[in-house]
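# Reading the structure
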Amino acid sequence: METGHRPIPNRLRLHRKRVGYTQLYVAELMGLYDSVSISLWERGAMLPNTINLIKLSAIFRTFPNELYPELFKEEKEKLTALEHQLASQQ
């Protein structure tokens, strides 16, 4: 999934460094041909698909929302606001 011009903040590099893996090693664990996708994800140029996000979480031994905390917070706030709006209409 492309994100447009605004990079999506994430903690992928932090978690990768924490476990001591290279981008290429993570790519190999995920069954990717090279580390290009890992680089794009870490730079926030693209988002991993759902399966790859689950794989990254397993590799880094963390939850998906810990890899993208700002995005998680932003989306959660939007959903909460929408829930309140819909509840007030009932």
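Look up: the structure comes first, before these words.
This text gives an overview of the structure that appears in the document. (Residues numbered from 1 in each chain as written. Predicted model: local features only at pLDDT ≥ 70, side-chain atom pairs only at ≥ 80, totals over all residues. Heavy atoms only, no water.)

With that out of the way, let us pick up the packing of aromatic side chains. Two numbers describe a pair of aromatic rings. These are the distance of the centres and the angle of the planes. Evaluation of the coordinates by the stated rule reveals one aromatic pair. With 4.8 Å between their ring centres and 65° between their planes, Y21 and Y25 make a pair best called edge-to-face. (Phe/Tyr/Trp six-rings, centres within 6.5 Å; stacked < 30°, edge-to-face > 60°.)

With respect to the secondary-structure elements, L40 resides in helix α3 (residues 36-43). C-alpha of L40 to C-alpha of P7: the two residues are 33 residues apart in sequence and 9.8 Å apart in space. Setting aside chain neighbours within four positions, we find L40 in contact with A45 and M46. (Helix = DSSP H or I, 4+ residues; strand = E, 2+ residues; numbered from the N terminus. Contact = heavy atoms within 4.5 Å.)

Taken as a whole and assessed by the stated rule, the structure comprises five salt bridges. Across the pair K73 and E77 runs a salt bridge whose closest N-O atoms are separated by 3.7 Å. One end of the pair, K73, and the other, E77, are both in helix α6 (residues 69-88), four residues apart, so they sit about a helical turn from each other. Take E77: its relative accessible area is 47%, and that puts it in the partly exposed class. Via salt bridges that share partners, R6, E74, E75 and K78 belong to a single interconnected network. (Salt bridge = Lys/Arg side-chain N within 4 Å of Asp/Glu carboxyl O. Buried < 20%, exposed > 50% of the residue type's maximum accessible area, 1.4 Å probe, protein only.)

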